[in-house]
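Observations on the model geometry
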Amino acid sequence: MAKNDVKLLGAWPSPFVMRARIALNIKSVDYELLEEKLGSKSQLLLQSNPVYKKVPVLIHEHKPICESLIIVQYIDEAWSSGPSILPSDPYDRAIARFWGVYIDDKWFPLLGGIGKAQGEEAKKAAVDQVHEGLMLLEEAFGKCSKGKDFFSGDRIGYLDIALGCFLGWVRVSEKMNGVKLLDEAKMPGLASWVEKFCADSAVKDVMPDTDKLSEFARMLIQFKANAHPPNSVALLEIVVMAESEIKLLGAWPSPFVMRARIALNIKSVDYEFHQEKLGSKSQLLLESNPVYKKIPVLIHDQKPICESLIIVQYVDEAWSSGPSILPSDPYDRAIARFWAAYIDDKWFPSLSGLAKAQGEEAKKAAMDQVLEGFLLLEEAFGKCSKGKDFFGGDRIGYLDIALGCFLGWLRVSEKMNGVKLLDAAKTPGLVGWADKFCGDDAVKDVMPETDKLAEFAKILFQAKANAPPPAN
């Protein structure tokens, strides 16, 4: 099953989203996690779940499935060849569903009540209610597990997922309220089950770290207390970003940053985009790229990768299961790298030189250099594309990304200098390619709008003009 055929709308702190993720992991289903931002709901979410407008939503073959336990059952039935999630016996299935409903309708609201309790007496009463619920679940574990490791027996099943997804929040509640909820002496079965559940390969990579989840909880409490002030959403997005496995440090106008974004889109990789402010460099950027102190920087598993074309190659290699970005043939790879180096070292500086040229004669000379470069790239397109739509053939590849990222600035240069650089008469291949490139799904949402980019260029030029001269 292709990854793009299965999407999950969710958010990493949600225990209900975790249910779907664990079920998909059990079935070894490749899927794309589309993170919803706190304080807003995407159009896709609103269209996919118009009744509740909540996560999780599983989209399989363009059909949405909502509500976490319904999703788990759907996954079990849609991918029936994998390990079973629901028990095979009808009665055991009914019992598992019964306790799944109890957990959602009765027990989890009690857990949430601890944080809302005002005063020591009310808190103690709330904790006692949670304990009573856990004692019922301890008894259920004894009956359902039949002496084995999980509610479902030898491996994780429906009821394990239904309860286990809340374990991160149980730990957060214990930490933030200074209480002990899972008592090994009173609930030895559940205590042992917790360790095995959290260590399972289907669970361990989606179970949030307690400290990170606690920080998120504090921010969420503040967010609700402040009745959604504008800066709270930004603060919460920073918390979510801090937990992301993949971050990209960049700025929307940068063509070099766009290269990384397009590559990640091609591979359907979810990432957090950390925008650097014009005129300043964040501490994270300085620490991640101490040599050049420039964007883009990709941070994957807390390891920084710098320089745009190196990042593109890294993305291609690190997520090798997605569509290939570099050509498979070694010679074709070498040619693609050659032209990419030409674009960065020769052609783009000539495009930049057009804006710096003083006087009509100098401007004409600069434009001629750009056009000469385009004629070379037109020839390269003919050879590399082999009659297809892109330098990479049927789909966008390495050289497409290397050149295509500059198309926004090319349009700005044409607009601000009153010139035509991509000429359909002289470079018909590139003109057709540019239209297809900008219309591609991996590109169209990251390609800046020309007027917006032109306005940014004016601000940038003004800032440079007003900058003090360098000291002697």
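Right above here is the structure, for reference.
To continue, consider the sheet that holds strand 8 (residues 303-306). Read from one edge to the other, the open sheet built from 4 strands follows the order 6-5-7-8, with strand pairing classed as mixed. Sheet topology places strand 6 (272-275) and strand 8 at the edges, where each strand pairs with a single neighbour. Recorded for the sheet is a direction-independent mean angle of 25 degrees between the axes of neighbouring strands. When strand 7 (residues 297-300) meets strand 8, the two strands line up antiparallel, connected through 4 bridges. The residue of strand 8 that forms the bridge with Val297 is Cys306. Contacting strand 5 (246-250), strand 6 and strand 7, helix 11 (residues 255-266) runs over the sheet at an angle of about 155 degrees to strand 5.

This part covers the side chain of Gln73. Residue placement: Gln73 occurs in helix 3 (residues 68-78). With near-sequence residues (within four places) excluded, Gln73 lies in contact with Leu86, Arg97 and Tyr158.

In this section: the packing of helix 5 (residues 120-145) against helix 8 (residues 188-199). Viewed as axis vectors pointing N to C, helix 5 and helix 8 meet at an angle of 80 degrees, and their least axial separation amounts to 8 Å. As the angle between them shows, helix 5 and helix 8 are arranged roughly perpendicular. Along the contact surface, helix 5 presents Leu134, Leu137, Glu138 and Phe141, while helix 8 presents Pro188, Gly189, Leu190 and Trp193. Along the lines of polarity and charge, the residues of the contact of helix 5 with helix 8 split into 6 nonpolar, 1 polar and 1 charged.

So, on to the environment of Pro109. Relative to the helices and strands, Pro109 is located in helix 4 (residues 90-116). Along the primary structure Pro109 and Val130 are separated by 21 residues, whereas in three dimensions their C-alpha atoms are 9.1 Å apart. Look past the residues within four positions of Pro109 in its chain and what remains in contact with it is Ile103 and Asp104.

Counting through the fold element by element, Val443 comes out in the loop between helix 18 (428-439) and helix 19 (450-466). The class for Val443 is buried, based on a relative accessible area of 0%. Note: C-alpha distance between Val443 and Arg259 (184 residues apart in sequence) is 9.4 Å. Once residues within four sequence positions are removed from consideration, Val443 is found in contact with Ile262, Ile396, Phe437 and Cys438.

Attention shifts here to the pairing of strand 5. Burial analysis of strand 5 places 5 of its 5 residues in the buried class, which makes it a mostly covered element. With burial as the criterion, each face of strand 5 is covered, one bearing Ile246, Leu248 and Gly250 and the other bearing Lys247 and Leu249. Strand direction decides the pairing type here: strand 5 and strand 7, joined by 4 bridges, are antiparallel. Residue pairing for strand 7: Ile246 is matched across the bridge by His300. Relative to strand 6, strand 5 is paired through 4 bridges, and the arrangement is parallel. When the sheet's bridge partners are listed, Lys247 is paired in strand 6 with Glu272. Regarding topology, helix 11 serves as the crossover connection from strand 5 to the parallel strand 6, and that connection is right-handed.

Thresholds applied
Residues numbered from 1 in each chain as written. Predicted model: local features only at pLDDT ≥ 70, side-chain atom pairs only at ≥ 80, totals over all residues. Heavy atoms only, no water. Pairing = 2+ DSSP bridges. Helix = DSSP H or I, 4+ residues; strand = E, 2+ residues; numbered from the N terminus. Axes fitted to C-alpha atoms, helices over the stretch in contact; angles between N-to-C directions. Contact = heavy atoms within 4.5 Å. Parallel < 35°, antiparallel > 145°, perpendicular 65-115°, else oblique. Nonpolar A, V, L, I, M, F, W, Y, C, P; charged D, E, K, R; others polar. Buried < 20%, exposed > 50% of the residue type's maximum accessible area, 1.4 Å probe, protein only. Right-handed = clockwise from strand over helix to strand, strands pointing away.

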